[in-house]
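Architecture at a glance
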Amino acid sequence: MRRIRVNKNVKSVIKPDVPLRANEIMIGNIIKTYQGQFIDVTSENISFVTSHIHEYRPVFITHEILTASGFIRRENQYEYMIDLMEDYYLFFMGRVGRLYKADRGAVGTPVFHVNHLQNLWFMLTGKQLKIVING
């Protein structure tokens, strides 16, 4: 498991405040209550979280999370990239991240929030990307 510590006061790269969907939540995800409390989804609380999904919202991806996850900043402050596995890489530009395959271009759905990043990371690497929010 890769563990990352971030400060909750860092400016967000991603702005859209879309509701969470229960089918996008996995054990190990970090989400947020509408009161601002960060929640780690565990085997003990996943059933409650998914049945009360309207009480939670996604955690926005920040520059700090991308950097701590191993993404490399490119030409400007809003472009980040990381190689995940052979022929696949994640690229964040502005407000959205995309998975790219070397011979096909963009594949799959856009990555908007931390839970999307954690889920994609797990599906491609078999390892959890554990985000720890400080402060």
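Residues numbered from 1 in each chain as written. Predicted model: local features only at pLDDT ≥ 70, side-chain atom pairs only at ≥ 80, totals over all residues. Heavy atoms only, no water.

1. Comments concerning the environment of N119
Here N119 shows up in helix α3 (residues 114-125). Spatially, the C-alpha atom of N119 lies 9.3 Å from that of I27, the residues being 92 residues apart in sequence. Non-local contacts of N119, meaning those with residues more than four positions away in its chain, are made with E24, M26 and N29. (Helix = DSSP H or I, 4+ residues; strand = E, 2+ residues; numbered from the N terminus. Contact = heavy atoms within 4.5 Å.)

2. Structural notes on the confidence of the model for the protein
When the pLDDT values of the protein are averaged, the result is 82; 84% of them are 70 or greater. With pLDDT under 50 throughout, residues 1-15 is counted as low confidence; its partners more than four residues away or in other chains account for 52 contacts. (pLDDT = per-residue confidence, 0-100.)

3. Quick word on the packing of aromatic side chains
Per the stated rule, a full pass over the model turns up 3 aromatic pairs. Centre to centre, the rings of Y89 and Y100 are 5.4 Å apart; their planes meet at 10 degrees, and the pair counts as stacked. Within this pair, whereas Y89 is found in strand β7 (residues 88-93), its partner Y100 is found in strand β8 (residues 96-101), the two being separated by 11 residues in sequence. On the accessibility criterion, Y89 (25% relative accessible area) is partly exposed. Relative accessible area serves as the criterion here: at 22%, Y100 is assigned to the partly exposed category. Put simply, the rings of Y89, F91 and Y100 touch in pairs and so form one group of aromatic residues. (Phe/Tyr/Trp six-rings, centres within 6.5 Å; stacked < 30°, edge-to-face > 60°. Buried < 20%, exposed > 50% of the residue type's maximum accessible area, 1.4 Å probe, protein only.)

4. A few points about the sheet that holds strand β2 (residues 30-33)
The sheet built from 3 strands is open, its strands ordered β3-β2-β4 with antiparallel pairing. The open sheet has two edge strands with one neighbour each: β3 (38-40) and β4 (56-57). (Pairing = 2+ DSSP bridges.)

5. What about the nonpolar core?
Grouped together as the largest cluster of nonpolar side chains are 21 residues, with contacts concentrated most on F71, L90, F92 and L117. Counting only elements with at least two residues in this core, the list comes to α2 (63-68), β6 (79-85), β7, β9 (105-111), α3 and β10 (129-134). Setting aside residues no more than four positions away along its own chain, F71 makes contact with L66, Y80, M81, I82, L90, F92, L117 and W121. Counting residues in each nonpolar core, the second largest holds 8 residues, with I25, I31, V41 and Y56 among its members. (Core = buried A, V, L, I, M, F, W, Y, C linked by side-chain atoms within 4.5 Å.)

6. A few points about the sheet that holds β8
Pairing is antiparallel in the open sheet, where 5 strands are placed in the order β5-β6-β7-β8-β9. The open sheet terminates on both sides in strands that have one partner only, identified here as β5 (72-73) and β9. The pairing of β5 with β6 spans 2 bridges and is classified as antiparallel. Across the sheet, residue I72 finds its bridge partner in β6, namely M81.

7. A word on the pattern of salt bridges
Tallying each qualifying case throughout the model produces 4 salt bridges. In this structure, K101 and D103 form a salt bridge, with 3.4 Å as the shortest nitrogen-oxygen distance. For K101, a relative accessible area of 17% translates into the label buried. The class for D103 is exposed, based on a relative accessible area of 60%. (Salt bridge = Lys/Arg side-chain N within 4 Å of Asp/Glu carboxyl O.)

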